[in-house]
Amino acid sequence: MLSRVAKPFVRLVERYLPDPYIFVLLLTLVAFVAAMLVESKTPLEVVQFWGNGFWGLLAFSMQMLLVLLTGFMLASTPLIKAGLVRIARYAHSPSQAIILVTLVSLAASWINWGFGLVIGALFARQLARVIRMDYRLLVASAYSGFIVWHGGLAGSVPLTIATPGHFTENQIGVIGTGDTIFAFFNLAIVITLFVVVPLVNRLMMPDEKDSVYIDPAKLEDEVELNTEITRPAEHLENSRTLAWLVGFGGIAWLVQYFVNSGTLNLNVVNFAFLFLAIILHQTPRRLLNCLQEAIKGGAGIVIQFPFYAGIMAIMVQSGLAQTISSGFVAIATETSLPFWTFISAGLLNIFVPSGGGQWAVQAPVMLPAAEALGADVARVAMAVAWGDAWTNLLQPFWALPMLAIAGLKAKDIMGFCLVQLFITGVIISVGLVYF
């Protein structure tokens, strides 16, 4: 039984995994030392790399934060919440709850990573209200669905190279999503994960004596109080007409955008989620109240992303990232390059948990290698994407929003995720090389 296999991993992580903020501080020190030892950089040079790059991802950080906020606001609308309540009725046992929350999270994450994290957390809370089961595994199952995000509709790497004007266009041109997201090998990986990940989570269910339960009363949502409108401005804050005029105006732009052959990218995803949330929340006040809750989940992103930008600057400017990538490329062949790209991307993701940022690091190394070896460029690009998504099961950074909603800490769920890390790593590797 996988529950016995998972047990020591759960105990190990609970004992030794630090808070994600401590984790990024330790990674910073590791990057410092590695740059000095491997690349022979002086301490002063490394400090300069770090400081100069500390604010280098502000625009991208804002984009990522908006993905989270807009996904949270959409997932928290009455319509979506009611849908989660209805779906939860199909689970009549802990086993069914585990499988159901994993499938919902997988589907939502494939659409959009921010949406998937929030939907998964909210659905886990809903299930925990009605079914008594190990709350850690329930939330870990919801987070495990995150594994498919970079192979889905909001994947940073495939959307970047599908956007005209991207930084490698002169080298590889514009590669459409038909060769990446909707390619056979990628869809085969996604479908396989949709089958295997829920089953693995189900098999990791601990015995009752080892389970950790939560009081359902702690999971109840705050009741929205109806306050009397006393000021003219409050009429606007509670105006459906105002919200719908603006909201449907945004939808009209989206329709026109896609009619004119617009492509899907992160800005368009954020735009769509925001204006759907404006419509479904019905009034500006409800949207603003939801935004206040969403911002709490994004606090970790705000404080930690600059540190990861600094780490990325060390990795790139010292040459350490290129050395790591080149080391794997040196032993690769035309067939095995996607596999070694996947492994190197997974390793780098621990230091640079940003799909777009990681592509900026690895593209200058992996693309020339793909051309020299005659490998499929689109497959190599997706190998970077999957490597980035894969080790998020170990890197607690992206779990922060879900943990904030669920009321848990990273150490509570990462032991279960570690088991998934090994199993999904095999599936993705086989898919990239043989599918």
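All values reported here derive from a predicted model rather than from experimental measurement.

Some thoughts on the overall build of the protein
- Each helix and strand in the protein was counted, giving 22 helices and zero strands.
- Relative to the 2.2 N^0.38 estimate, which gives 22 Å for 435 residues, the radius of gyration of the protein is 22 Å and therefore close to what a compact globule would have.
- Oriented by its inertia axes, the alpha-carbon framework of the protein measures out at about 65 × 55 × 45 Å.
- Looking at the 435 residues of the protein, the share that counts as buried comes to 57%.
- Sequence separation of 24 or more characterises 80% of the internal contacts of the protein that already satisfy a separation of 6 or more.
- With the model as given, the accessible surface of the protein reaches about 18600 Å², and the carbon-plus-sulfur share is 65%.

Digging into the nonpolar core
- Ranked by internal contacts, the top residues of the largest apolar core, which has 149 residues, are Tyr143, Met315 and Trp386.
- Apart from residues lying up to four places away in sequence, Trp386 is in contact with Ile147, Val148, Gly151, Asn186, Ile189, Val190, Leu193, Phe342, Ile428 and Leu432.

Describing empty space enclosed by the protein
- Following the criterion strictly, the structure yields two cavities of 30 Å³ or more and no others.
- Along the walls of the largest cavity sit Phe60, Met64, Trp113, Phe146, Trp149, Ser156, Pro353, Ser354, Gly355, Asp388, Asn392 and Trp398, which together make up its complete lining.
- Grouping the constituent residues of the lining of the largest cavity by class yields seven nonpolar, four polar and one charged.
- Within this model, the second largest cavity holds a volume of roughly 40 Å³.
- Leu57, Phe305, Tyr308, Ala309, Val352, Pro353, Ser354 and Phe397 together form the lining of the second largest cavity.

What about the confidence of the model for the protein?
- Per-chain confidence: the protein averages 86 in pLDDT, with 95% of residues scoring 70 or above.
- When mean pLDDT is compared element by element in the protein, helix 11 (residues 184–203) scores highest at 96, while helix 12 (residues 232–237) scores lowest at 76.

Some details on helix 13 (residues 240–259)
- If you check helix 13, its first and last C-alpha atoms are 28 Å apart, about what 20 residues at 1.5 Å a residue would give, namely 28 Å.
- Within helix 13, the full set of buried residues consists of Ala243, Gly247, Gly250, Leu254 and Tyr257. Projected down its long axis, helix 13 shows its buried positions confined to an angular sector of 75°, all on one face. For helix 13, the exposed residues lying more than 90 degrees away from the buried face are Thr241, Leu245 and Val259.
- Structurally, the start of helix 13 carries an N-cap: the backbone nitrogen of Thr241 is 3.4 Å from a side-chain oxygen of Ser239.

Structural notes on unusual backbone geometry
- The backbone phi angle of Ser40 is positive, close to 60°, even though this residue is not glycine.
- The residue Ser40 is located in the loop between helix 2 (20–38) and helix 3 (43–53) in this model.
- We note that Gln282 has phi near 75°; this positive angle belongs to a residue other than glycine.
- With respect to the secondary-structure elements, Gln282 resides in the loop between helix 14 (266–281) and helix 15 (284–297).
- Note on Gln282: relative accessible area 24%, which makes it partly exposed.

Looking at the packing of aromatic side chains
- Taken as a whole and assessed by the stated rule, the structure comprises 18 aromatic pairs.
- Here Phe9 and Phe422 contribute two aromatic rings whose centre-to-centre distance is 5.9 Å and whose plane-to-plane angle is 55°, an arrangement assigned as tilted. Of this pair, Phe9 sits in helix 1 (residues 2–16) while Phe422 sits in helix 22 (residues 410–434), placing them 413 residues apart in sequence.
- Taking the relative accessible area as the measure of exposure, Phe9 reaches 23% and is therefore partly exposed.
- For the ring pair Phe32 and Trp50, a centre distance of 5.9 Å and an interplane angle of 65° mean the geometry is edge-to-face. With Phe32 in helix 2 and Trp50 in helix 3, the pair connects residues that are 18 residues apart, well separated along the chain.
- On the basis of relative accessible area, Trp50 is assigned to the partly exposed category, the value being 25%.
- Ring-pair connections join several aromatic residues into one group, and the members of that group are Tyr21, Phe32, Trp50, Phe54, Trp55 and Phe307.

Cut-offs used in this document
Residues numbered from 1 in each chain as written. Predicted model: local features only at pLDDT ≥ 70, side-chain atom pairs only at ≥ 80, totals over all residues. Heavy atoms only, no water. Helix = DSSP H or I, 4+ residues; strand = E, 2+ residues; numbered from the N terminus. Rg over C-alpha atoms; globule rule 2.2 N^0.38 Å. Buried < 20%, exposed > 50% of the residue type's maximum accessible area, 1.4 Å probe, protein only. Contact = heavy atoms within 4.5 Å. Areas by Shrake-Rupley, 256 points an atom, 1.4 Å probe, with all protein chains shown as cover. Core = buried A, V, L, I, M, F, W, Y, C linked by side-chain atoms within 4.5 Å. 1 Å grid on protein atoms, 1.4 Å probe; cavity = no way out; pocket = protein on both sides within 12 Å on 5 of 7 lines; lining within 4 Å. Points joined across faces, edges and corners; volume = space filled by probe spheres on them. Nonpolar A, V, L, I, M, F, W, Y, C, P; charged D, E, K, R; others polar. pLDDT = per-residue confidence, 0-100. Expected span 1.5 Å × (residues − 1). Arc of directions from axis to C-beta. Polar contact = N/O pair within 3.5 Å; in protein donor to acceptor, adjacent residues only side chain to side chain. Phe/Tyr/Trp six-rings, centres within 6.5 Å; stacked < 30°, edge-to-face > 60°.

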